[in-house]
Structures are given as C-alpha cells and as structure tokens.
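Structural features, examined
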Amino acid sequence: MKLKSTYSKLKSLIAPGIISCVFFAQPLLATANSFTGFSSKPGEEEPAKKAKARSFSSHNNSSVKIYPDIVKREMHVVAKNNEGKEVDFFVFDLNGTLVQNYKMNAKDHYRISGLARGTYVYRVFCGDEETAAGKFEIR
C-alpha cells in the first residue's frame, strides 16, 4: 500500500515538470535558427558545414609530389619525370602574391621554408600548360 502511495506522489511531482518543460521548450525549438547564427530567409540556402582543415591538398598532380615535414614547418617538393621537361613551381599566399618559385627538372627536391603560418596555393606549369595545382597549410 505504501509503495502505491509513493508512486502516485512521485507521478504527481514529475508530470507537471515534464509538461512545463515541453511547454517552455517549444518556442525555443521553433526558433532554433536564431541560436545557430544563421537566418533562414525564403530562397536562401544555409551555409555548408566546414570540413576539418587539411595540411595540404592537390588536384591533377602528375608533375610534382608535395608533402609536409613532420618536425619542421616546411613542405617538401619533388619533381616527377615530366617527359624530360623543366617545370615551374610557384607558391602564392591567399592574396595572390608570389612568395616563392622554382624551376625544377626531373627528381629535383626543394624544401619550402621560411613561410609564415597560414594557407598557401601552389601552381605547377610545364611550358604554358598548368599541370598541377593545390594548396597547403603551414601550422
């Protein structure tokens, strides 16, 4: 008998709390966009979530191999065999300013060092044709 009375008292205390929580949380759930910082206007898409930053990425990279140094804040660039042709390797900052450039023959190895922390873009040309492009980050 005592167990039933305790259960009914507990039920009478919990039920109003759950109802009030749902009642007060409903307006917050309806306006969730204001808490994320994005405004949802008709015809406007929400911004995509940012991916985790990588140390470097490259596209159609058939002329050079680029990889980070584990210990130091520098990148290594090795020219692949480009049919015996010389390639031009350019490094730009995000403002488009040329930071470094190298003329590379097959299997030449350069260390890109002395750069401040940040993201950089590289482009590789064989003659007038762009053979590779990408970006890397100095942390």
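These lines cover the structure that appears in this document, whether it is placed above or below. (Residues numbered from 1 in each chain as written. Predicted model: local features only at pLDDT ≥ 70, side-chain atom pairs only at ≥ 80, totals over all residues. Heavy atoms only, no water.)

1. Focus on the side chain of Glu74
For Glu74, the position within the fold is in the loop between β2 (64-68) and β3 (75-79). The exposure class of Glu74 is buried, given its relative accessible area of 11%. Excluding anything up to four places from it in sequence, Glu74 contacts Pro68, Asp69, Arg111, Ile112, Ser113 and Ile138. (Helix = DSSP H or I, 4+ residues; strand = E, 2+ residues; numbered from the N terminus. Buried < 20%, exposed > 50% of the residue type's maximum accessible area, 1.4 Å probe, protein only. Contact = heavy atoms within 4.5 Å.)

2. Brief notes about the nonpolar core
Judged by nonpolar contacts, the single largest core of 19 residues is most densely connected at Ile66, Val77, Phe89, Met104, Ile112, Val124 and Phe136. Those elements giving two or more residues to this core turn out to be β2, β3, β4 (87-93), β5 (98-104), β7 (118-126) and β8 (129-138). The element best represented in this core is β7, accounting for four residues. (Core = buried A, V, L, I, M, F, W, Y, C linked by side-chain atoms within 4.5 Å.)

3. Quick notes on the sheet that holds strand β6 (residues 109-112)
Through backbone hydrogen bonds, the strands of a sheet pair up, either in parallel or in antiparallel fashion. Spatially, the three strands line up as an open sheet ordered β2-β3-β6, and their pairing is antiparallel. Each end of this open sheet is capped by a strand with a single partner; those strands are β2 and β6. With direction set aside, neighbouring strand axes in the sheet form an average angle of 20°. The sheet contact formed by β3 and β6 spans four bridges and is antiparallel. Each residue of the ladder has a partner; that of Val78, found in β6, is His109. (Pairing = 2+ DSSP bridges. Axes fitted to C-alpha atoms, helices over the stretch in contact; angles between N-to-C directions.)

4. Remarks on the pattern of salt bridges
Applying the stated criterion across every chain, the model contains four salt bridges. The shortest N-O distance in the salt bridge between Lys103 and Asp88 comes to 2.9 Å. Taken together, the positions of Lys103 in strand β5 and Asp88 in strand β4 put the pair 15 residues apart, joining distant regions of the chain. Judged by relative accessible area, which is 16%, Asp88 ranks as buried. Note that Glu130 is salt-bridged to Arg123, the shortest N-O span being 3.1 Å. (Salt bridge = Lys/Arg side-chain N within 4 Å of Asp/Glu carboxyl O.)

5. Section: the environment of Thr97
Relative to the assigned elements, Thr97 resides in the loop between β4 and β5. What makes Thr97 partly exposed here is its relative accessible area of 44%. Spatially, the C-alpha atom of Thr97 lies 9.9 Å from that of Tyr120, the residues being 23 residues apart in sequence. With near-sequence residues (within four places) excluded, Thr97 lies in contact with Val91 and Phe92.

6. Comments concerning the packing of aromatic side chains
Tallied over the full model, the rule gives seven aromatic pairs. On the numbers, 6.3 Å between centres and 25° between planes, the contact of Phe90 with Phe92 is stacked. Judged by its relative accessible area of 22%, Phe92 falls in the partly exposed class. Taking 4.5 Å as the distance between ring centres and 15° as the angle between the ring planes, the aromatic pair formed by Tyr102 and Tyr110 counts as stacked. For Tyr110, a relative accessible area of 28% translates into the label partly exposed. Of the aromatic side chains, those joined through ring pairs into one cluster are Phe89, Tyr102, Tyr110, Tyr120, Tyr122 and Phe136. (Phe/Tyr/Trp six-rings, centres within 6.5 Å; stacked < 30°, edge-to-face > 60°.)

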